[in-house]
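Letter by letter, the chains look like this.
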Amino acid sequence: MLYRSLIRPLLFQQDPEQAHEGIIRLLETLTATQSELLRLVPVQTHPALQTTVAGITFPNPVGLAAGFDKNGKAIPFWHTCGCGFVEVGTITAQPQGGNPKPRVFRYPEQAAVVNRLGFNSEGSEVVAERIKRLRQSGIPLPLPLAINIGKTKIVEEEAAVLEDYRAGFRRLAPLADLVVINVSSPNTPGLRQWQEKAKLSALLTLLSEEAKGLSEAVRGTSVPLFLKISPDMSEADRDDVVEVALENGLAGLIATNTTIAREGATEEMELPGGLSGKPLCEKSLEVLRYLYRQLQGRLPIIGVGGISSAEEAYARIKAGASLVQVYTGMIYEGPFLPRKINQGLLRLMERDGIKSIADAVGVESR
Ligand SMILES: Cc1cc2nc3c(=O)[nH]c(=O)nc-3n(C[C@H](O)[C@H](O)[C@H](O)COP(=O)(O)O)c2cc1C
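Let me sum up the structure you'll find in this document. All values derive from a computational prediction rather than experimental measurement.

### Structural notes on the site of the ligand
Then step 1. Close to the ligand lie 24 residues, the nearest being Ala66, Lys70, Thr90, Gly306 and Thr328.
Then step 2. Here an oxygen atom of the ligand and a backbone polar atom of Gly277 are 2.8 Å apart.
Then step 3. Coverage of the ligand by the protein chains reaches 97% of its 610 Å² of free accessible surface.
Then step 4. Listed by contribution, the elements that provide at least two residues to the shell around the ligand are β4 (85-92), β6 (112-115) and β11 (274-277).

### Describing the packing of helix α4 (residues 124-136) against helix α5 (residues 158-172)
Then step 1. It is the contact of α4 with α5, at a shortest axis distance of 9 Å, that shows an interaxial angle of 15°. Judged by the inter-axis angle, α4 sits roughly parallel to α5. Taken as a pair, α4 and α5 cross one another with a handedness that is right-handed. Across from Ser124, Glu125, Val127 and Ala128 in α4, the residues of α5 making contact are Gly168, Arg171 and Leu172.
Then step 2. Residue composition of the contact of α4 with α5, grouped by class: three nonpolar, two polar and two charged.

### As for the nonpolar core
Grouped burial of nonpolar side chains is what soluble globular proteins tend to show.
Then step 1. If you look at the biggest cluster of nonpolar residues, it comprises 86 residues, and the most contacted ones within it are Trp78, Leu227 and Leu345.
Then step 2. Tallying contributions element by element places helix α6 (residues 197-219) first for this core, with seven residues.
Then step 3. Core analysis: the next-biggest nonpolar cluster, separate from the first, contains 14 residues, Val53, Ile56, Phe58 and Ile254 among them.

### Quick word on the sheet that holds strand β5 (residues 104-107)
Then step 1. Taken in spatial order, the three strands make up an open sheet running β5-β6-β11, and their pairing is antiparallel. Either end of the sheet is taken by a strand with one partner, and the two such strands are β5 and β11. Averaged over all adjacent pairs, the angle separating strand axes in this sheet is 20°, with direction ignored.
Then step 2. Where β5 meets β6, four bridges bridge the pair, whose relative direction is antiparallel. Of the residues in β6, the one forming a bridge with Val104 is Asn115.

### A few points about the pattern of salt bridges
Where side chains of opposite charge bring their charged atoms close, a pairing between them can arise.
Then step 1. In the structure shown here, the tally under the stated rule is 20 salt bridges.
Then step 2. Here Asp232 and Lys283 are joined by a salt bridge, their closest N and O atoms 3.2 Å apart. Of this pair, Asp232 sits in the loop between β9 (225-229) and α7 (235-247) while Lys283 sits in helix α8 (residues 281-295); the two residues are 51 residues apart in sequence, bridging distant segments of the chain.
Then step 3. In this structure Asp232 comes out as partly exposed when scored by relative accessible area, which is 27%.
Then step 4. Among the charged side chains, a salt-bridge network with shared partners connects Glu163, Arg166, Arg170 and Glu210.

### Description of the pairing of strand β7 (residues 145-150)
Regular strands place their side chains on alternate faces of the sheet.
Then step 1. A large share of β7 lies buried, amounting to six of its six residues.
Then step 2. Of the two faces of β7, the one lined by Leu145, Ile147 and Ile149 and the one lined by Ala146, Asn148 and Gly150 are each fully buried.
Then step 3. Inspection of the sheet shows β4 paired to β7 by five bridges, in the parallel sense. In the strand pairing of β7, Ile91 is matched with Ile149.

### Thoughts on helix α1 (residues 2-11)
Residues that lie three or four places apart on an α-helix share one face, since the helix turns once every 3.6 residues.
Then step 1. Among all positions in α1, only Tyr3, Arg8 and Leu11 are buried. Looking straight down α1, one finds its buried side chains confined to an arc of 55°; they lie on one side. Set apart from the buried face of α1 by more than 90 degrees, the exposed residues are Ser5, Leu6 and Leu10.

### Digging into the environment of Asp15
Then step 1. Within the fold, Asp15 resides in the loop between α1 and α2 (16-33).
Then step 2. As for Asp15 and Phe105, which are separated by 90 residues in sequence, their C-alpha atoms are 8.2 Å apart.
Then step 3. There is a polar contact of 3.1 Å between the side chain of Asp15 and the backbone nitrogen of Glu17.

Cut-off values and rules
Residue positions are given per chain, counted from 1 along the sequence in the order it is written. Selection of residues for local features in this predicted model requires a pLDDT of at least 70, selection of side-chain atom pairs for listing and counting requires 80 or more, and totals for whole chains, interfaces and linings are taken over all residues. With hydrogens and water stripped out, all remaining heavy atoms of the structure feed into the side-chain values. The cutoff for a nearby residue is simple: one of its non-hydrogen atoms must lie within 4 Å of the molecule or strand. Any pair of nitrogen or oxygen atoms within 3.5 Å is treated as a polar contact; in protein, a donor-acceptor pairing is required on top of that, and neighbouring residues in sequence qualify only through side-chain atoms on both sides. Every accessible area reported is derived by Shrake-Rupley at a probe size of 1.4 Å, with residue values counting cover from the shown protein chains alone. Strands are runs of DSSP state E lasting at least 2 residues, helices are runs of H or I lasting at least 4, and numbering of each runs from the N terminus. Every angle, taken between N-to-C directions, lies between 0 and 180 degrees, and every axis is a line fitted to C-alpha atoms, over only the stretch in contact when it is a helix. Here roughly perpendicular refers to angles of 65 to 115 degrees, roughly parallel to angles under 35, roughly antiparallel to angles over 145, and oblique to all remaining angles. Note on convention: near helix rotated counterclockwise from far helix by under a right angle means a left-handed crossing. Clockwise means right-handed. Residues are treated as being in contact if the distance between any of their heavy atoms lies within 4.5 Å. Ten residues, namely Ala, Val, Leu, Ile, Met, Phe, Trp, Tyr, Cys and Pro, are considered nonpolar, four, namely Asp, Glu, Lys and Arg, are considered charged, and the remaining ones, Gly among them, are considered polar. Throughout, nonpolar core names a set of buried Ala, Val, Leu, Ile, Met, Phe, Trp, Tyr and Cys residues whose side chains join them through atoms within 4.5 Å. Only protein chains enter the accessibility calculation, which uses a 1.4 Å probe; a residue whose area is less than 20% of its type maximum is buried, one above 50% is exposed, and one in between is partly exposed. Between any two strands, at least two bridges found by DSSP are needed for them to pair. By convention in these notes, a salt bridge is any Lys or Arg side-chain nitrogen within 4 Å of a carboxyl oxygen on Asp or Glu. Here the arc refers to the directions that run from the helix axis out to each C-beta atom.

Without other data, these values stay purely geometric and don't point to any function.
Here you go:
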């Protein structure tokens, strides 16, 4: 209530990207100066919410989606919002500024955002150093940490792109509980071509080899790899993704990134960029349903896109998502949306006599 009536109107007076940066700066200071206090806030969990995916135990199934904390500046904060895991990034191997501003646009009536940030990133070296310091502090991070890696814009030639992903992976994967490979942002020219079968296969073969090497050399445990996909692929392309992901021993898929389509959107949203929030909800759900049907339980899926309530999160889980994530919903509903979703999930599961998140996954198709 306080967020909607007081904080949101103030934030919405500012440019969306400026408002976001202000919040991240504030959280960075908070995590640097009040880490003791933050640690006192318990992670939101419950036996019915706790779930294990890809060998990792999550205190609850609601994560912060990529793009919110791109450079991993507020990692020790997110559990206070009720998150059950955090995905930082996208982080590019080399630092880069992204596209010209303005590049983030809000549409409050539709609870939507269009962004064309274009992977503004401090780069893998700086972010790896930041996360390393956190990991070396000896204090366990409150939540499982996913690190999302993407392509540096100026790298174009195929072999160089593979090397670029490898460089980012080598710096960041040793610090991650799971790694997300991003080939689905609409804002980096040529990136989505890497969802095509031959290229995707080359990329996933390379990174799964890297992951194996890393498991043996550094971690002693395997690094689960997830692939984040676009909602704009044909069914044939989705089938290729499933095939290549299975062939390369991926740990799971994330569906979906933002869309370049404008179905269900208004005319003012007809500008270049990726659309997220409410207008993406049905489409992401449809992609998830399709993938779940094709996968038949062989890989877990993280569902993301337009989730802004417990009912929507529950629908996603029942359609086959083992975990869910939120981004745009946090802008419109406030930072405690994950907490609200978890409380609602408990209520809805009790109503339906479902004892755990794992039992709820895919019930719709059983
Ligand atoms: C401003 C903004 C920046 C984003 N940046 C990234 C990113 O860097 N990497 C990524 O994989 N997804 C990024 N996303 C996509 C989100 O992670 C998510 O997949 C998408 O927005 C759909 O979820 P939502 O409707 O809950 O926002 C971004 C989304 C927004 C709105």
